[in-house]
Amino acid sequence: MVLVRSLLLTAGLSLVASTALAEPLLVEEAQVRAVPPGSQTSAAFMTLRNPGEQDVTLVDADSPAAEVMELHNHEDVEGVMQMRKISELVVPAGESVTLAPGGLHMMLIGLTAPLEEGQPVEIELRFDTGESQQITAPVKRIEVSAEGHHGHAQGDAHDHGDHGHGHGEGHRH
Ligand SMILES: [Cu+2]
């Protein structure tokens, strides 16, 4: 009887322990990019925070919203930014890694249904330990910030140019 009790206790403890270990990462601002109807692909962005004392290595992801998910990064190939599949994504202990447009992202390939804004997308993160973590990322309209910045920079450059011109004329006097 004592033996059975201690076995039950051990089982109970290990259950608690495995539940705590089941979520190695804190996931913030997870979102999936809204895409036009008919699009076959989309991307998920988020910040992965590792509160633990060991590096966490993400090796795969899976979602009912897509036939396949891949970990991608953008690489500068002779001046052209290209998406590249990566085999793993390491979140160092105590640090965080941000997946954002133009950089790291999780690609959803072969969307199983149109993505509707606000719809929660279930994503399973898979780690090299064999563990996995379930997260939910709502579908959001994500502006391409690179274009916005470009427009802004042009406006600034124009102002500065006028300013410089004025100074130049003043110097001539
Ligand atoms: Cu991609």
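To be clear, the structure that these remarks concern was listed above.
Residues numbered from 1 in each chain as written. Predicted model: local features only at pLDDT ≥ 70, side-chain atom pairs only at ≥ 80, totals over all residues. Heavy atoms only, no water.

### A closer look at the coordination of the copper ion
And step 1. At 2.1 to 2.2 Å from the copper ion lie its protein donor atoms, namely His 72 (ND1), Met 83 (SD), His 105 (NE2) and Met 107 (SD).
And step 2. Around the copper ion sit four donor atoms, and with donor-metal-donor angles ranging over 92 to 115° the site reads as tetrahedral.
And step 3. Site description for the copper ion: donor spacing in sequence, H-x10-M-x21-H-x1-M. With a gap of 22 residues between them, Met 83 in strand 5 (residues 80-85) and His 105 in strand 8 (residues 105-111) connect regions that are remote in the sequence. (Donors = N, O, S within 2.8 Å, 3.2 Å for Na, K, Ca; no water. Tetrahedral: all angles 85-135°; square planar, octahedral: opposite > 155°, others 65-115°. Helix = DSSP H or I, 4+ residues; strand = E, 2+ residues; numbered from the N terminus.)

### Observations regarding the environment of Ser 87
And step 1. Looking at where Ser 87 falls in the secondary structure, it is placed in the loop between strand 5 and strand 6 (89-91).
And step 2. Residue contacts for Ser 87: discarding those within four places in its chain leaves Leu 58 and Val 59. (Contact = heavy atoms within 4.5 Å.)

### Considerations on the pairing of strand 4 (residues 66-77)
And step 1. Alignment of strand 4 against strand 8, held across six bridges, turns out to be antiparallel. The residue bridging Leu 71 from the neighbouring strand is Met 106, located in strand 8.
And step 2. When strand 4 meets strand 5, the two strands line up antiparallel, connected through six bridges. Residue pairing for strand 5: Glu 75 is matched across the bridge by Gln 82.
And step 3. Here strand 4 hands over to strand 5 after two residues, with Glu 78 in that stretch at a positive phi of 50°. (Pairing = 2+ DSSP bridges.)

### Considerations on the pattern of salt bridges
And step 1. Enumeration over the complete set of coordinates arrives at five salt bridges.
And step 2. We note a salt bridge from Asp 62 to Arg 126, for which the minimum N-O separation is 3.2 Å. Highlighted residues: Asp 62 in strand 3 (residues 56-62) and Arg 126 in strand 9 (residues 120-127), separated in sequence by 64 residues.
And step 3. In this structure, a network of salt bridges that share partners links the residues Asp 62, Glu 124 and Arg 126. (Salt bridge = Lys/Arg side-chain N within 4 Å of Asp/Glu carboxyl O.)

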